[in-house]
Amino acid sequence: MGGVKETNILKMTTPNKTPPGADPKQLERTGTVREIGSQAVWSLSSCKPGFGVDQLRDDNLETYWQSDGSQPHLVNIQFRRKTTVKTLCIYADYKSDESYTPSKISVRVGNNFHNLQEIRPHVLHVVNEESMDLQVSG
């Protein structure tokens, strides 16, 4: 019983840097960040029935995405137009199930699937919430 939970994963931030470990919901309430994931089309490399995009994107921490296939496990997020994403927030509950919780993620950007470039490999030091400042247009 584990997996990855997106908690308003794509955010636009104000020019100030998002503090590490900051609560994204609180930052959204104060206007520091703006959730933009709803402007994108989301797809997954695979998922078990009942553990797909809807569960990844809802605000319920009891639901999550669980892949069902060989690696790599991918979450594809496509915006209809060029969009600047400055912060990526991921909720992963390592204590619930370490076997399904990622230890590394790779963020790639591009104009289509064929020209994606990795911008920043990231090792997750997950307790619960993890934020990454991206500073990239894609």
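Residues numbered from 1 in each chain as written. Predicted model: local features only at pLDDT ≥ 70, side-chain atom pairs only at ≥ 80, totals over all residues. Heavy atoms only, no water.

Participant: Explain the overall build of the chain to me, please; I cannot follow it from the model alone.
Facilitator: Across its full length, the chain holds two helices and eight strands. Listed N to C, the secondary structure of the chain is β-α-β-β-α-β-β-β-β-β in terms of helices and strands. Per-residue burial over the chain gives 37% buried out of 138 residues. In the chain, 60% of the contacts between residues at least 6 apart in sequence involve partners at least 24 apart. Carbon and sulfur atoms make up 49% of the accessible area of the chain, which totals about 8400 Å². (Helix = DSSP H or I, 4+ residues; strand = E, 2+ residues; numbered from the N terminus. Buried < 20%, exposed > 50% of the residue type's maximum accessible area, 1.4 Å probe, protein only. Contact = heavy atoms within 4.5 Å. Areas by Shrake-Rupley, 256 points an atom, 1.4 Å probe, with all protein chains shown as cover.)

Participant: Looking at this model, I keep getting lost on the pairing of strand β3 (residues 40-44). Mind explaining?
Facilitator: A regular strand places its side chains on the two faces of the sheet in alternate fashion. Here β3 shows a clear split, with A40, W42 and L44 buried on one side and none of V41 and S43 buried on the other. Pairing of β3 with strand β4 (residues 75-79) involves five bridges; the strand directions are antiparallel. The residue of β4 that forms the bridge with W42 is I77. (Pairing = 2+ DSSP bridges.)

Participant: Sorry if this is basic, but what is going on with the confidence of the model for the chain here?
Facilitator: Taken as a whole, the chain shows an average pLDDT of 74; of its residues, 67% reach a score of 70 or greater. Confidence, expressed as mean pLDDT per element, reaches its minimum in the chain at strand β1 (residues 4-13) with 45 and its maximum at β3 with 93. For the stretch residues 6-16, pLDDT sits under 50, and the model shows 53 contacts to residues farther than four places along the chain or on other chains. (pLDDT = per-residue confidence, 0-100.)

Participant: Sorry, what's going on with the environment of I105 here?
Facilitator: Within the fold, I105 resides in strand β6 (residues 104-109). Sequence separation between I105 and L74 is 31 residues; the distance between their C-alpha atoms is 9.6 Å.

Participant: Would you explain the side chain of S67 in this entry?
Facilitator: If you trace the backbone, S67 turns up in the loop between α2 (53-57) and β4. The exposure class of S67 is buried, given its relative accessible area of 14%. Here the side chain of S67 touches H73 through a polar contact of 3.1 Å, side chain to side chain. Setting aside anything within four residues of it in sequence, one finds S67 in contact with S46, C47, K48 and H73. (Polar contact = N/O pair within 3.5 Å; in protein donor to acceptor, adjacent residues only side chain to side chain.)

Participant: Help me out: how do you make sense of the pattern of salt bridges in this one?
Facilitator: Note on pairing: side chains with opposite charge can pair once their charged atoms come close. Scanning the entire structure with this criterion turns up one salt bridge. Close ionic contact of R57 with E35 constitutes a salt bridge, the shortest N to O distance being 3.2 Å. Taken together, the residues R57 in helix α2 and E35 in strand β2 (residues 33-35) connect sequence positions 22 residues apart. Look at E35 and you get buried, because its relative accessible area is 14%. (Salt bridge = Lys/Arg side-chain N within 4 Å of Asp/Glu carboxyl O.)

Participant: Could you clarify how one ought to interpret the environment of D58 in this entry?
Facilitator: Within the secondary structure, D58 sits in the loop between α2 and β4. Among the polar contacts listed, one links the side chain of D58 to the backbone nitrogen of N60, at a separation of 3.1 Å.

Participant: Just to check I follow, could you spell out the environment of R34 for this structure?
Facilitator: Its location among the elements puts R34 in strand β2. Each C-alpha atom of the pair R34 and T87 lies 9.9 Å from the other, and the pair is 53 residues apart in sequence.

Participant: How do you make sense of the nonpolar core when you look at a structure like this?
Facilitator: Counting residues in each nonpolar core, the largest one holds five residues, listed as A40, W42, L44, L56 and W65. If one sorts the elements of this core by residue count, β3 sits on top with three residues. Residues in contact with A40, not counting those within four places in the same chain, are I77, Q78, F79 and R80. (Core = buried A, V, L, I, M, F, W, Y, C linked by side-chain atoms within 4.5 Å.)

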